[in-house]
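Take a look at the letters that make up each chain.
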Amino acid sequence: MTTEAVRQRVRVVVEAPQHSGLWGALDYLSEVALLPGELVRVPLGRRVVTGVVWDDAPQGEASLWAQADLKEVAEVLSGLPPLPRTWRQLVAFAAAYYQRSLGEMALMVLPPELRQLDALQWQRRRKRLDKALLEPLPAATPPTLPELTEQQAQALDALAQPGDQPCLLWGSTGSGKTEVYLRQTQRALDEGRQVLIMVPEINLTPQLEARVAERFIGRRIVSLHSALTPAQRLRHWLMAHLGQADVILGTRLSVFTPLPRLGLIVVDEEHDPSYKQQDGARYSARDLAVYRARLEKVPVILGSATPSLESWFNALPVSEGGAGRYQRLAMPARVGDGVMPRVRVLDLSKVLKPTMGQEPPPVAQELLHAIEERTARGEQSLVLLNRRGYAPVLHCSDCGWKSGCPHCSAWRVFHKQDRTLRCHHCGFTERVPRACPDCGNTDIQPVGRGTERLEEQLAAAMPNARIGRIDADVTRLKGALEAQLASVHAGEIDVLVGTQMVAKGHDFRRITLVAAVNPDAALFASDFRAAERQFSLLLQAAGRAGRDAEAAGRSEMWVQTWHPTHPLYQSLRAYDYPAFAAKQLEERQMAGLPPYASLAMLRAEGKTQEAAQAFLKDAAEAAKPLADALGCVTLYPAVPTPVQRVANIERAQMMIESPNRAALQRFLTDSQPLWLDTAHKNRRNGLVRWAVDVDPLSI
Ligand code: ADP
Ligand code: ZN
Ligand code: ZN
């Protein structure tokens with residue numbers, strides 16, 4: 001028998017970007033029998049790359065080649081159990097749904113380090129892991145559990161009934177949702193299953209990790225997020241894949257972790273935009289979690305105080321105009337009879353006197369007094385401003401110069417701490433000029449206010465208060481966020497200034513006042529989701545106050561606004577999420593927007609705005625017959641994006657809408673090859689990049 005005869009043809013998925021036109025798998029020859037899901041190293045061009053054996057992958061063009069032309073698999077990463085069938089199904093679904101190539105999706109969701117190891121390096125790594133796994137876990141002494149509230153008990157009863165619907169756990173901030181997750185996790189662990197708990201932000205993982213570790217002593221708990229070192233990430237991923245980790249806590253990328261004993265998925269703060277990847281393969285980890293749960297027949301809990309309108313609609317009974325697809329479990333009460341802080345909407349037009357040419361103070365007198373009272377009582381206040389830096393722009397009043405970014409259609413932000421002008425879009429940074437670069441005037445002034453300036457102004461207004469700040473600038477250094485949070489918890493800070501970073505998740509015990517000092521911008525934003533996001537942020541922020549039941553009664557949430565009668569603030573005042581949601585849904589239905597319609601965004605980047613738009617127009621033209629044939633797909637005109645130039649690249653987008661999700665999918669899939677062709681032709685004319693964003697979050 002010749003060796004030819006025993007060599008088998010195997011199909012391998014390798015990383016190939018979408019634009020290469022290589023969508024399916026490549027064929028190789030192997031001397032050993034390979035199982036689907038095994039990792040192999042294969043030659044690709046001049047390189048050797050990692051790939052996944054995928055027997056049922058769609059045929060790539062190379063499959064048509066004759067056996068004699070095929071290359072051989074270079075090596076196998078043996079000792080790694082094949083990636084399970086459900087994992088491959090999830091990845092294949094994600095690739096198809098989000099319009100990416102299978103190879104890109106499959107390789108992207110593996111730990112980066114795994115993709116780089118050859119067989120020998122892999123063996124060494126594997127041995128080290130085995131050694132680490134021999135380390136004994138601490139002995140288990142069961143922790144004392146809090147007695148469940150009535151609502152928690154009800155929710156858990158409902159969760160104990162086997163059903164195949166996803167659950168939306170709609171609970172106020174501080175209603176004890178986490179306790180429900182933990183109890184349900186315990187049930188799954190008792191049955192010998194693994195649990196995947198997802199959180200939107202890395203910042204929130206250490207907190208939850210501590211709580212989970214405390215609860216499940218004697219269990220192996222691993223985290224998965226992008227702040228881990230490559231080696232840690234590989235180790236944690238392997239422990240999950242080998243079935244050795246019991247609880248996996250992670251950010252959006254963790255949704256793809258292969259888990260042989262998966263028994264429960266929890267998506268905490270399911271409404272959070274961080275679950276949607278914003279570049280490359282723009283997947284929604286929340287939506288994929290729901291898909292995965294169905295695929296693997298395990299329960300999924302989506303938790304939030306302010307669910308996304310999509311999830312809310314899915315959980316609304318058909319009789320109330322919803323889709324009735326999810327089970328809704330409500331926990332409106334806070335633990336320990338705590339009440340939500342009283343909302344005070346402060347009408348700025350009544351309290352701020354017009355100041356000629358001067359900027360108004362950051363907080364009105366009443367608010368200042370309220371904060372000072374807290375400080376005097378030893379309580380803490382949180383002042384929220386969703387804009388970092390000192391001032392969003394510098395301005396020369398002599399000649400009108402402004403601190404624009406030379407590379408973007410945006411202002412550069414003044415950061416006083418290191419005296420820089422920084423572009424938050426492209427990162428371009430320069431020292432602040434001493435004088436106006438255009439006319440030499442030395443008196444250039446900051447316009448507007450960011451957290452840095454707010455901190456400075458509050459310190460000046462309240463010399464006796466200890467002011468602290470948490471935003472992406474303060475917390476850039478590793479450990480800085482933890483340190484700053486610790487000093488808040490230790491009571492070393494009276495007034496905490498922060499961006500949305502502090503509004504979410506943190507369990508502050510001494511905050512009795514939260515103030516949003518400039519929340520109006522979202523009321524008039526062009527993005528139809530701006531109101532939803534703002535409502536959620538404000539409610540989330542309010543939830544930081546009065547978490548101690550004893551202080552809850554005197555806790556307040558202040559909103560400074562020029563539009564006190566706006567329905568958003570009215571709903572907030574009553575903590576009436578259903579009313580807010582109902583109003584939003586009504587508007588969405590009339591406008592034909594999600595959740596009543598499905599959207600996709602075709603995005604283009606070009607050397608000029610014309611180039612970006614020309615591609616979109618050509619793409620629309622090429623795909624129009626498909627849209628016409630389907631009859632229910634609408635292509636909108638190409639427009640510049642809100643910030644149209646970033647790093648000297650012009651950006652434009654075209655919205656595609658359909659009331660029928662399947663039709664939109666069909667349209668996108670059929671359009672892809674046409675658009676590849678269109679892109680190819682437009683490249684000479686200055687098209688740089690293009691992408692499809694399915695279920696886009698920012699419009
Ligand atoms: P949520 O996630 O809904 O915002 P948490 O789960 O963080 O709420 O609970 C808020 C606080 O209440 C936490 O400090 C938690 O330890 C506490 N807690 C939760 N459930 C109970 C309970 N049944 N009895 C006493 N305290 C509880
Ligand atoms: Zn000037
Ligand atoms: Zn810039």
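Attention here is on the structure that accompanies the text. No experiment lies behind these values; they were computed from the predicted model shown.

1. Points about the coordination of the zinc ion (ligand 2)
Then, number 1: Every protein donor of the zinc ion (ligand 2) is accounted for by Cys396 (SG), Cys399 (SG), Cys436 (SG) and Cys439 (SG), and the metal-donor separations fall at 2.2 to 2.4 Å.
Then, number 2: Relative to the metal, the four donor atoms surrounding the zinc ion (ligand 2) lie at angles of 104 to 113°, and the coordination shape comes out tetrahedral.
Then, number 3: Every donor residue of the zinc ion (ligand 2) comes from the same chain, spaced as C-x2-C-x36-C-x2-C. Here the residue Cys396 occupies a position in strand E15 (residues 393-396), and Cys439 occupies one in the loop between strand E18 (429-431) and strand E19 (444-447), the gap between them amounting to 43 residues.
Then, number 4: The class of Cys396 is buried, set by a relative accessible area of 0%.
Then, number 5: For Cys439, a relative accessible area of 39% corresponds to the partly exposed category.

2. Structural notes on helix H6 (residues 150-160)
Then, number 1: Residues of H6 that are buried include every one of Gln152, Ala155, Leu156, Ala158 and Leu159, and no others. Across the axial projection of H6, the buried residues extend over an arc of 160°, all falling on one side.
Then, number 2: Packing partners of the buried residues in H6 comprise strand E6 (167-171), helix H7 (177-190), strand E11 (300-304) and strand E12 (327-331).

3. Here we look at the pattern of salt bridges
Then, number 1: Tallied over the full model, the rule gives 42 salt bridges.
Then, number 2: For Arg88, the salt bridge identified is with Asp55, shortest N-O distance 3.8 Å. Of this pair, Arg88 sits in helix H2 (residues 85-97) while Asp55 sits in the loop between strand E4 (47-53) and strand E5 (75-76); the two residues are 33 residues apart in sequence, bridging distant segments of the chain.
Then, number 3: Residue Arg88 is classed as buried on the basis of its relative accessible area, which comes to 9%.
Then, number 4: Asp55 gets classed as partly exposed once you look at its relative accessible area, which sits at 48%.
Then, number 5: Salt-bridge contacts for Lys681 lead to Asp677; the nearest nitrogen and oxygen are separated by 3.1 Å. One end of the pair, Lys681, and the other, Asp677, are both in helix H22 (residues 661-682), four residues apart, so they sit about a helical turn from each other.
Then, number 6: In this structure Asp677 comes out as partly exposed when scored by relative accessible area, which is 40%.
Then, number 7: The network of salt bridges with common partners includes Arg342, Arg344, Arg374, Arg377, Glu379, Arg554 and Glu556.

4. Thoughts on the coordination of the zinc ion (ligand 3)
Under ideal tetrahedral coordination, the four donors around a metal are separated by 109.5 degrees; under ideal octahedral coordination, the six donors are separated by 90 or 180 degrees.
Then, number 1: Taken together, Cys405 (SG), Cys408 (SG), Cys423 (SG) and Cys426 (SG) make up the full set of protein donors to the zinc ion (ligand 3), lying 2.2 to 2.3 Å away.
Then, number 2: Seen from the zinc ion (ligand 3), its four donor atoms lie at angles of 105 to 113°, and the figure they make is tetrahedral.
Then, number 3: Within one chain, the residues serving as donors to the zinc ion (ligand 3) are arranged as C-x2-C-x14-C-x2-C. Of the two residues, Cys408 is situated in the loop between E15 and strand E16 (413-415) and Cys426 in the loop between strand E17 (420-422) and E18; the sequence distance between them amounts to 18 residues.
Then, number 4: Accessibility expressed as a relative area gives 28% for Cys426, which makes it partly exposed.

5. Here's the deal with the packing of aromatic side chains
Note on aromatic pairs: each is described by the distance of the centres and the angle between the planes.
Then, number 1: This structure, assessed with the given rule, holds 15 aromatic pairs.
Then, number 2: Relative to Trp87, the ring of Trp54 has its centre 6.0 Å away and its plane inclined at 50°; by these criteria the two rings are tilted. Placement of the pair is Trp54 in the loop between E4 and E5 and Trp87 in helix H2, with a sequence separation of 33 residues. For the pair shown, Trp54 and Trp87 are each scored as buried.
Then, number 3: Members of the aromatic cluster, connected to one another through ring pairs, are Trp170, Trp312, Phe535, Tyr577 and Phe580.

6. Re the side chain of Ser101
Then, number 1: Positionally, Ser101 belongs in the loop between H2 and helix H3 (102-108).
Then, number 2: A polar side-chain atom of Ser101 sits 3.2 Å from the main-chain amide nitrogen of Glu104.

7. Quick look at the site of ligand 1
Then, number 1: Of all residues adjacent to ligand 1, which total 18 residues, the nearest are Glu147, Gln152, Gly174, Lys177 and Thr178.
Then, number 2: Residue Glu147 places a main-chain N or O atom 2.7 Å away from a nitrogen atom belonging to ligand 1.
Then, number 3: Here an oxygen atom of ligand 1 sits 2.9 Å away from a polar atom, N or O, in the side chain of Thr178.
Then, number 4: Here ligand 1 has 560 Å² of accessible area as a free molecule, and 76% of this is covered by the chains.
Then, number 5: Applying the majority rule of atoms within 2 Å of the grid points places ligand 1 in the second largest pocket.
Then, number 6: The greatest single-element share of the shell around ligand 1, amounting to three residues, is contributed by H7.

8. Describing the layout of surface pockets
Then, number 1: Taken as a whole, the second largest pocket holds about 800 Å³ of empty space.
Then, number 2: What lines the second largest pocket is a set of 35 residues, and nearest its centre among them are Gly174, Thr178, Arg211, Asp507 and Arg547.
Then, number 3: Elements with a minimum of two residues in the lining of the second largest pocket: H7 and helix H8 (205-215).
Then, number 4: Here the lining of the second largest pocket takes five residues from H8, the largest share from any one element.
Then, number 5: For the lining of the second largest pocket, a count of residues per class yields eight nonpolar, 14 polar and 13 charged.

9. What about a positive patch on the surface?
Then, number 1: On the surface, a cluster of positive charge is made up of Arg124, Lys127, Arg128 and Lys131.
Then, number 2: Structurally, Lys131 is set in helix H5 (residues 119-134).

10. Considerations on the packing of helix H21 (residues 609-630) against H22
Then, number 1: At a minimum axis separation of 9 Å, H21 and H22 run at an interaxial angle of 145°. As for how H21 packs across H22, the hand of that crossing is right-handed. Where H21 approaches H22, its residues Ala614, Phe615, Asp618, Ala619, Ala622, Ala623, Leu626, Ala627 and Leu630 are matched on the opposing element by Ala663, Arg666, Phe667, Asp670, Ser671, Leu674, Trp675, Thr678, Ala679 and Asn682.
Then, number 2: Looking at side-chain class alone, the contact of H21 with H22 contains 13 nonpolar, three polar and three charged residues.

Calculation rules
- Residues numbered from 1 in each chain as written.
- Chains lettered and ligands numbered in written order.
- Predicted model: local features only at pLDDT ≥ 70, side-chain atom pairs only at ≥ 80, totals over all residues.
- Heavy atoms only, no water.
- Donors = N, O, S within 2.8 Å, 3.2 Å for Na, K, Ca; no water.
- Tetrahedral: all angles 85-135°; square planar, octahedral: opposite > 155°, others 65-115°.
- Helix = DSSP H or I, 4+ residues; strand = E, 2+ residues; numbered from the N terminus.
- Buried < 20%, exposed > 50% of the residue type's maximum accessible area, 1.4 Å probe, protein only.
- Arc of directions from axis to C-beta.
- Contact = heavy atoms within 4.5 Å.
- Salt bridge = Lys/Arg side-chain N within 4 Å of Asp/Glu carboxyl O.
- Phe/Tyr/Trp six-rings, centres within 6.5 Å; stacked < 30°, edge-to-face > 60°.
- Polar contact = N/O pair within 3.5 Å; in protein donor to acceptor, adjacent residues only side chain to side chain.
- Near = heavy atom within 4 Å.
- Areas by Shrake-Rupley, 256 points an atom, 1.4 Å probe, with all protein chains shown as cover.
- 1 Å grid on protein atoms, 1.4 Å probe; cavity = no way out; pocket = protein on both sides within 12 Å on 5 of 7 lines; lining within 4 Å.
- Sits in = over half its atoms within 2 Å of the grid points.
- Points joined across faces, edges and corners; volume = space filled by probe spheres on them.
- Nonpolar A, V, L, I, M, F, W, Y, C, P; charged D, E, K, R; others polar.
- Patch = residues over 30% accessible without salt bridge, like charges linked within 9 Å, V, L, I, M, F, W, Y side chains within 5 Å.
- Lys, Arg positive; Asp, Glu negative; His and termini not counted.
- Charge placed at Lys NZ, Arg CZ, Asp CG, Glu CD.
- Axes fitted to C-alpha atoms, helices over the stretch in contact; angles between N-to-C directions.
- Left-handed = near helix turned anticlockwise from the far one by under 90°.

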